[in-house]
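Architecture at a glance
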Amino acid sequence: MAAEAETIEKVSALAEKYKYGFVTDIETESAPKGLSEDIVRFISAKKNEPEWLLEWRLKAYRYWLDMEAPDWAKLNIPPIDYQDSYYYSAPKSAESRPETIDDVDPALIETYNKLGIPLHEQEMLAGVQKRSVAVDVVFDSVSVATTFRDKLAEAGVIFMPISEAVEKHPALVQKYMGSVVPHTDNYFAALNSAVFTDGSFVYVPEGVTCPMELSTYFRINAENTGQFERTLIVVEDRAYVSYLEGCTAPQRDENQLHAAVVELVAMEDAEIKYSTVQNWYPGDEDGKGGIYNFVTKRAKCQGARSKVSWTQVETGSAITWKYPSCVLLGEESQGEFYSVAITNNLQQADTGTKMIHVGKNSRSRIIAKGISAGRSDQTYRGLVKSTRTAKGARNFTQCDSLLIGDRCGAHTVPYIEAGNASTMFEHEATTSKVSDEQLFYCRQRGMDEEEALALIVNGFVKDVLQELPMEFAVEAQKLVAISLEGSVG
Amino acid sequence: MTDVFGAEFLDRLHSTGAVKNPAPFETLRTNGFPNRRVEAWRYTDLAGQLAQTLTPAGLRINQEQSGLFGPNPAVESVEGDALSLLNAAVGGEGFLFEVPEGARLKPVFARFGPMDSNALVNATNRITVGAGAEAVLVERWGQTDESWMNSDTTIDIAEGGHLRRIILVEDGGAGTQTHRTFTTLGENSRYDALVVTLGGALHRIEQHADLTRPGCHAGLSAIVLKRAQEHSDFVTNVRHLAEDTTSDQQVRTVVDDQATAIFQGGIKVAKDSQRIEGDQLSRALMLSDRAQAFTKPELEIFADDVKCSHGATVGDLDEDALFYMRARGVDEAAARALLILAFAREPFEAIELPEAIETMLDSKVQEWPGVSGRFEEMDL
């Protein structure tokens, strides 16, 4: 045992470190530290928000003050001092919102180049890169650039930072914001509603298939800063959009808070595909530093035959608390959840989904794969529920956990609540370790142990990765290997 | 302290003079009974039970063979939830059943219950199985209207011992039954419990098993048949505390009318408990749109060399199977009865149930609305 632990440590010492851990040295403007009504007003004023939104924020803030942080998850969350953090931080250069990519601060462009996020529309349009993805990049508290806006506008798709949408499309924002996740929903949603800074807004009009993938890239850069973004996607009848989300943060010894809210609304025959590759800084081998990722994501499948599909690859964050959910209101509406969660070192994750069946013949499918390594702890927590009205509701759930090493934990807590007789729910779950036979087979053919493990794990998560858009799938596959580095002994 | 859940119930209990042990009573009086915000009680509400005015009474034991059950002196202090505290506060005496080392007992039958309406019976029971001993214990927990039976049973099974327990929690109209069993298993020992719960206003049966030594096995299973507004909460909690231990849980639930059935199944594997196998399968059959079936498996695993699985299904009667039988001349009512019984009985086919329980199950299914017992006479 001792020898094994030693090997693990040796290997982890050699392993590649978190490669997005650099800091961009850029002049920023921050709100004073701490949280108060004044800060809420400050943020609102910075964004030139209308009166109703300020009121909405203040209502949420006052509500939050009386709430207690949830403690039901299998997470060990150190007490968070909400006064010891900045709630607004923005690069100075972003003060006057850049009109085109050419106006964006070169230091920021450089940052995103380093992160592998292409912001150069010309190259893509000129065919240097094959597929185009429109990107909205959020740096700390503001969106610094959104690409391909003109091209999207031609198709009638609105894709812009939510702060801009508040100015340009106030009716839409006011109608839908908080309609899926009200500020009263939970502690972190209330906090987000009070202090949210930026995020993306997507509106796809009736009958439009969005001509390209939309993507938002979140980066926390400033020290001691929380990121509270809010994303709202509304897809009208018979429209379709695929949206990707990525995130990274510098390597720091302090923990940083990320509390986002994502709301999706799908109308009749609409479809939303939402993919996330979450790679916030996970902290070091001893669990120092890392992002606290407390996120509320929910979709309302409002129209008949609407469909929402969540795909997530969760590899980062010191602590993850996240349950992307679907409320299936429409007849024959569909919800899907595909998840890969990997925890290593001292990471903790409590993640899963909720599928709430209200509409007749609504269907849902959950495939969740959890991999725990090192001394990490991971929990799948899910709810599948049918109300009395959800005649013919159908769910299939498969959740599998893989354990690597004998010092980690893997837990499964599915809640299955059937409310009418024509409901058909099936759930299966397994927990096991990587089989020695498989490892031996690969090693015998000349792979080293880490390669072999990455191959086996990639096989284990294949069902989920294949749901990702292609370029993300390749990235995710590499990410799986990197996340597991140092986990074999 | 008026907002303590069940305060008035406890005050009434106190005024009857039934409280013998002040310490657990005070703890209970301070903390109250668990409400639905307590995770383990999220599906079961004791409000109706706590509104009752009940008269404390002793446990009555009817046994077929005399002399096997002795009185068990009540314990004074307990760790456990509010219902164990209630039991300890009243100092409910229960039975003591000891199987000497190496003994092989024929199946032992016993019936427990209050004979009076509105009785509150608390009992603390103890079962010990000596090394290499084998025993089959068939218990029937009966009740009359609006009584509440509440018990804690601790079981110790020594090395190589094997206890099979079949517990029939009987239909008693508006009665409540809350029973908890805490089993500790020694090396290579085995505990198999099958709980059959029928009827009753509220049944909450908890089976806790600690697998403390290598080679032991716990099987915690249940058949749950509920109708009208009956409510059943079956809770298991297996803790694999030693390596090379196995567990198995099979739960079959049938709910009709406005009944509610819950299965909360726990499998915990402690750190360093390697080479573990833990299986769980719960299936629920829902026969009415106003019935509810809740399933909450919970796996908590801290060792890596494990094979744990759980499965859960919820659904209606299989139309194809029904059609198959009808096509072969079985009328619908009989076909339904046969399917319900087969569904409930299937995982336990290998277990020879005592005739009394077999009969009970049959007649319970045959009382079901829309089914009939005629298949018994048919040559299938």
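Here the structure is shown first, and the text comes after it.
Report follows, based on the coordinates. (Residues numbered from 1 in each chain as written. Chains lettered and ligands numbered in written order. Predicted model: local features only at pLDDT ≥ 70, side-chain atom pairs only at ≥ 80, totals over all residues.)

Digging into the overall build of chain B
Helix and strand counts for chain B stand at 7 helices and 19 strands. Principal-axis analysis of the C-alpha atoms gives chain B an extent of 65 × 45 × 45 Å. Here chain B holds 380 residues, and 51% of them are scored as buried. A fraction of 85% describes how many contacts in chain B between residues 6 or more apart in sequence connect residues 24 or more apart. (Helix = DSSP H or I, 4+ residues; strand = E, 2+ residues; numbered from the N terminus. Buried ≥ 20, exposed ≤ 12 C-beta atoms within 10 Å, placed from the backbone. Contact = placed C-beta atoms within 7 Å.)

Regarding the nonpolar core
Across soluble globular proteins, you tend to see nonpolar side chains buried next to one another. The biggest cluster of nonpolar side chains holds 223 residues, and the ones touching the most others in it are A:Val235, A:Val241, A:Leu264, A:Ala266, A:Ile272 and B:Met286. In terms of residue count, the dominant contributor to this core is helix 6 (residues 332-345) of chain B (9 residues). For A:Val235, the contacting residues outside a window of four places in its chain are A:Val204, A:Val241, A:Val265, A:Ala266, A:Met267, A:Ala270 and A:Ile272. Within the second largest apolar cluster, 16 residues are counted, among which are B:Phe9, B:Val19, B:Phe25 and B:Val90. (Core = buried A, V, L, I, M, F, W, Y, C linked by C-beta atoms within 7 Å.)

Overview of the interface of chain A and chain B
Think of interface size as the accessible area that goes away when the parts come together; that is how it is often given. At the junction of the two partners, chain A supplies 31 residues and chain B supplies 33 residues. Taken together, the elements giving at least two residues each to the side of chain A that touches chain B come down to strand 23 (409-418) and strand 24 (424-433) of chain A. In terms of residue class, the side of chain A that touches chain B is made up of 13 nonpolar, 12 polar and 6 charged. Pairing analysis gives 6 bridges linking strand 23 of chain A to strand 18 (residues 292-301) of chain B, with the strands arranged antiparallel. Across the sheet, the residue bridging to A:Ala418 is B:Ala293, located in strand 18 of chain B. (Nonpolar A, V, L, I, M, F, W, Y, C, P; charged D, E, K, R; others polar. Pairing = 2+ DSSP bridges.)

Some details on the environment of B:Gln274
Residue and element names in this part refer to chain B. With respect to the helices and strands, Gln274 occurs in the loop between strand 16 (260-269) and strand 17 (276-286). Residues Gln274 and Leu241 lie 33 residues apart in sequence; the distance between their C-alpha atoms is 9.5 Å. Once you skip the residues sitting within four places of it in the chain, Gln274 turns out to touch Glu243, Ala303 and Asp305.

A word on the packing of helix 3 (residues 51-65) of chain A against helix 9 (residues 187-195) of chain A
Residue and element names in this part refer to chain A. Between helix 3 and helix 9, the least distance of the axes is 7 Å, while the angle of their chain directions is 145°. Between helix 3 and helix 9 lies a crossing whose hand is left-handed. Taking contact as the criterion, the partners of Arg57, Ala60, Tyr61, Tyr63 and Trp64 in helix 3 are, on helix 9, Tyr187, Ala190, Leu191, Ser193 and Ala194. Its residues placed into classes, the contact of helix 3 with helix 9 shows 8 nonpolar, 1 polar and 1 charged. (Axes fitted to C-alpha atoms, helices over the stretch in contact; angles between N-to-C directions. Left-handed = near helix turned anticlockwise from the far one by under 90°.)

A look at the packing of helix 6 of chain B against helix 7 (residues 355-366) of chain B
Residue and element names in this part refer to chain B. Taken N-terminus to C-terminus, the directions of helix 6 and helix 7 make an angle of 140°; their axes are 9 Å apart at the nearest point. Taken together, the axis directions place helix 6 and helix 7 in an arrangement best described as oblique. Judged by the twist between their axes, the crossing of helix 6 over helix 7 is right-handed. Here helix 6 contributes Ala337, Ile340 and Leu341 to the contact with helix 7, which in turn contributes Asp362, Val365 and Gln366. (Parallel < 35°, antiparallel > 145°, perpendicular 65-115°, else oblique.)

Examining the environment of A:Val166
Residue and element names in this part refer to chain A. By secondary structure assignment, the location of Val166 is in helix 7 (residues 162-168). With 22 C-beta atoms counted inside 10 Å, the residue Val166 sits in the buried group. The spacing of Val166 and Asn48 is 118 residues in sequence and 9.1 Å in space, taken between C-alpha atoms. Setting aside anything within four residues of it in sequence, one finds Val166 in contact with Glu49, Leu53 and Val173.

Keep in mind these values describe shape, not function.
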